[in-house]
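The primary structure of each chain is shown beneath.
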Amino acid sequence: MAPRRTKSAENLPPNTPTNAIDTFLRLQFDDFQRSASKASTFAINLAKEITGGRFDCEDNELASIRESLELILDIALSAAKSEEQSSKSVIALMVALCSQPAATNINDLIPDLSFLLYRAILRLECKDDTIRSRSMTLVSTVMERMGEVADDGVIEDETFNLVNEALLPRLSDKSIAVRNAAIKASALLQDPGDSPSGNSEDTLTNQLMYLCTHDSSPVCRSSAVNSIVVTRYTLPTIICRIRDTSSTVRIAALNVLKNQVDVRLMTDQERVVALRSGLTPRCESTYLAASKMLCCGWLKSLGYSVLNLLKLLDVANSENVCELATTAILSAPHNSTLKDLSNNERAAYNAALENSIPVGLLSIQSSLLLRVKIDKIKTDVRIPENHKQELVDELMPDTPVICSSIQKHLNNFIQNTLNDSSDEDSADGDDESFICMQLLKMARHADWSDESGRRQLLELLHGMLCSSNTPDELVEPCIRALASAHKSESEYVERINEIISILGDYDAEDENMDAAEAAFRQLRIVSIVGVVLEYTTRSLSDDFIAQFSDQILPAIISQEEMIREAGVCALGKYSLLGQNAALEYRPLLLGIAANKKEGKEIRAQALLAMSDLAMLWDGMTDEVDCMDLMTEEMMRVSLPSLLLDILDNESPGLVVVAGEICSKLIMMGRVQDTEILAKLLVIYFDPLFNAFSSSAPAEEDEEGGRITAKSVANACKKQLSSDTEDATIVGSPIRLQQILSLFFNTISAVTGGKSPIMGHATKDVLRLVTGGWKAGGGRQDSKKKLKAADKVALDKVLTFMGNVGNVHGRVAVEIATFLEDSTEHSIESNTLRDCVNALSKMQIDNKADAVDLREMVLGIEDLLDVCGANKTVMKNWAKFVENVDEGRKLKDVGENRSQGKVKSFGAEEAEAEREVLGEVQVA
């Protein structure tokens, strides 16, 4: 290709040669300085000339080539955004040229990769975000290329230290793109150490752990998860990211576990938490990534043996998670989970699933697998109903065999219980009980055409329910199997009455009756009643149901706490069957919930029962006279006042239960208390409460109370311990955070697009936050000041309220009223700053609100002047006044602006991220 002549050959670099290369440089040098695209063309032509061997240069010519390359690189790094593609082309070409093997004939003409590295590092301090971003990307690319072309894959110490020193400041750069590129470059510079446990002292590793947990950008968190070296030290942090708010980060963490982690080297706890967090139906992409990790990663490494995989999980204590995992494995052949496997691998996978399971040699793993297979057939909509029982019969043995197997494992459980002298014996007993439970669940799907087998099963279940040797956890599966085995409901009712009659045939005051035996009988009766009430379709008009109050009420006043708890639980279910029963037992349930001398679990059960009643019938939140069963004192209590008191003064466990109940009652319109809503908002944004329940807890280090990179590792280890708790259980702090997240973001949807209660709660939020309110602890000691990291970010709460409630005007009016009523002595500078910052983000879309706000402007400006507000505060204030004036221009009172102008919470950050990276998706 003949080089095109330019109009001018001025401004050539110094020492420009006059021989072979002179003609080429003079022809194109002036032209390529005009733009990155011109530089790209020049670089391509120069590369062709060099690689074609047309130059035979001396030292001064080599200097000219180097200077030309430097100028080309500078143009590419500083090109406008519109020339991004040309800039990338130039940089890619430069990297390709500078990484040529030493034996090539152009090695003397072109500098090595260190040349590009040093030039890029020099520009990491530029003020322009785009230049820093491209320079950091070039550093990352060069480091990766250096590792590829090095003989042993090891980068020289001098280069390593130079890049490391330049890289650390960029990990905290304000630009998302710069941080992202720095994170990717860090992947090659970490020191994992010689120990399998990892190197906890490596600065880069600790910084990446911090970033994957705390960086505001999901893109950066995802890159940090992908870049961090996987060791025993970093693994808990990676697993915790499966519960990240962004699906991008969750999928990245799951892919790391799939491709880089040997499932056999993980702990039971880590495996269970990873599966529980990943196999969530709320996000299809996360579920698919978790299924691929499970089926194409973990299961593949175990030769597709489901039983071997289940042996690596804590099946007895994590049945729900193991059931989720088994269901995902059985469903994989029918969806896209296995598309990454080859045909032979898919064949091996399917063959492994078809292996039969002998009932006579059941383990906890095989019993769970068999039961889940049967359940999946019964719920599979792709299988015709008339064909399902045939498939179940192929897997499940005859009813007499099931009965003998249940009896065998129950006898083993009893024997292990009698010989319980060690932890090993106790574990064996738990295993036998677990196998019995799986067999009882399977028995519900038995073929009842075998009359002899059906009667044998009924007698076995009857005996188990009446026996004190049967563990309590088997009561519910026994009752449900009993209901399935009876031909008619009348026979089932008669059988239940017979069992209760046998168990109730005792005198608690009989000296010959053992106290433990009496307690067992009462607890077993109440447990049976509770299960029957939970699944019954009958009402209180039925004598069979009505008689249960005779068994429930004595349990409420029992001396045994376990019996009282079962009684309260049964009473709540009983009250749900009719409004008359609800009105009759409401004072009793409220009295139990309000009794601070009662056990927390019992109070929680009473609260949950009252919550259910309040959502079903009107008037259940009204004040009522209650009796303290322990002191027989009367008290006046309402459900809302009780919930407020618990949020103020009780332990975290009850606060979590009360918080969940409050959110449900407000959503259903049963409670419209702005103070309750305000306290839920403070709990949601409180860092101290989040440290108790969030997916990314952080500890403070010993220096200055700051959250550090190293503290993240310890926090994540503790989080794994708390994550073994099932988040679906009422009272789980994880569950509360999830419910509040959904509650706040849907509260306006159920009220016609706006949530007035959210706007009216602003006053309470301001009072609570400025007063230092903390859930469960009342007001904080004024002498004990909280650290900045432990305080609720008031501006975030207020902005969040305006956005999710779609009530910017009302929230702004409440904030402005608060400021107008404040003085320089009554308001802290941080509070003033946060209030003005929140006001600046409010889109005043109602003329009436705008008029009210304009009347308060002068008074607030006097406060700002007296308090000596800084430039940032005044800038935000000016933005707010501008928004108010825009709102006043609306024609009619109540006329709203286009809702498209209102950005959702966090939208500004997401928009900036998309602007820089182009293809960012924020979940």
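Computed from a predicted model, the values in this text were never measured in an experiment.

**A short note on the packing of aromatic side chains**
Move 1: Considering all chains together, one arrives at 10 aromatic pairs under this definition.
Move 2: Geometrically, the ring pair formed by Tyr684 and Phe685 is edge-to-face, given 5.3 Å between the ring centres and 90° between the ring planes. For the pair Tyr684 and Phe685, a shared accessibility class is recorded, and that class is buried.
Move 3: With centroids separated by 6.0 Å and ring planes inclined at 35°, the aromatic side chains of Tyr684 and Phe800 adopt a geometry described as tilted. Of this pair, Tyr684 sits in helix α33 (residues 674-685) while Phe800 sits in helix α39 (residues 794-805), and the two are 116 residues apart along the sequence.
Move 4: Assessed through its relative accessible area of 17%, Tyr684 is described here as buried.
Move 5: A relative accessible area of 4% places Phe800 in the buried class.
Move 6: Put simply, the rings of Tyr684, Phe685, Phe743, Phe744 and Phe800 pair up and form one aromatic cluster.

**A word on the pairing of strand β2 (residues 634-637)**
Move 1: Sheet analysis places strand β1 (residues 624-627) next to β2, joined by 4 bridges and oriented antiparallel. The residue of β2 that forms the bridge with Asp625 is Arg636.
Move 2: Hairpin remark: β1 followed by β2, antiparallel, with 6 residues in the connecting loop; positive phi at Glu632, about 60°.

**Some points on a positive patch on the surface**
Move 1: A surface patch of positive charge is lined by Lys796, Lys841, Lys875 and Lys879.
Move 2: Turning to its location among the elements, Lys841 is positioned in the loop between α41 (829-840) and α42 (847-867).

**Concerning unusual backbone geometry**
Move 1: With a phi angle near 60°, Tyr304 is a residue other than glycine that sits in the positive phi range.
Move 2: Here Tyr304 is to be found in the loop between α14 (284-301) and α15 (306-311).
Move 3: Owing to a relative accessible area of 8%, Tyr304 belongs among the buried residues under this scheme.

**Observations concerning the environment of Arg346**
Move 1: Here Arg346 shows up in helix α17 (residues 343-353).
Move 2: Distance in space between the C-alpha atoms of Arg346 and Cys296 is 9.7 Å, their sequence separation being 50 residues.
Move 3: Separated by 3.0 Å, the side chain of Arg346 and the backbone oxygen of Leu338 make a polar contact.

**Some details on a nonpolar patch on the surface**
Move 1: Side chains of Ile557, Met627, Leu629 and Met634 sit close together on the surface and give an oily, nonpolar patch of about 390 Å² of accessible area.
Move 2: Structurally, the position occupied by Leu629 is in the loop between β1 and β2.

**Section: a negative patch on the surface**
Move 1: On the surface, Glu390, Asp393, Glu394, Asp398 and Asp447 cluster together into a patch of negative charge.
Move 2: Along the chain, Asp393 turns up in helix α19 (residues 385-395).
Move 3: Note on Asp393: relative accessible area 34%, which makes it partly exposed.

The rules behind the values
Residues numbered from 1 in each chain as written. Predicted model: local features only at pLDDT ≥ 70, side-chain atom pairs only at ≥ 80, totals over all residues. Heavy atoms only, no water. Phe/Tyr/Trp six-rings, centres within 6.5 Å; stacked < 30°, edge-to-face > 60°. Buried < 20%, exposed > 50% of the residue type's maximum accessible area, 1.4 Å probe, protein only. Helix = DSSP H or I, 4+ residues; strand = E, 2+ residues; numbered from the N terminus. Pairing = 2+ DSSP bridges. Patch = residues over 30% accessible without salt bridge, like charges linked within 9 Å, V, L, I, M, F, W, Y side chains within 5 Å. Areas by Shrake-Rupley, 256 points an atom, 1.4 Å probe, with all protein chains shown as cover. Salt bridge = Lys/Arg side-chain N within 4 Å of Asp/Glu carboxyl O. Lys, Arg positive; Asp, Glu negative; His and termini not counted. Charge placed at Lys NZ, Arg CZ, Asp CG, Glu CD. Polar contact = N/O pair within 3.5 Å; in protein donor to acceptor, adjacent residues only side chain to side chain.

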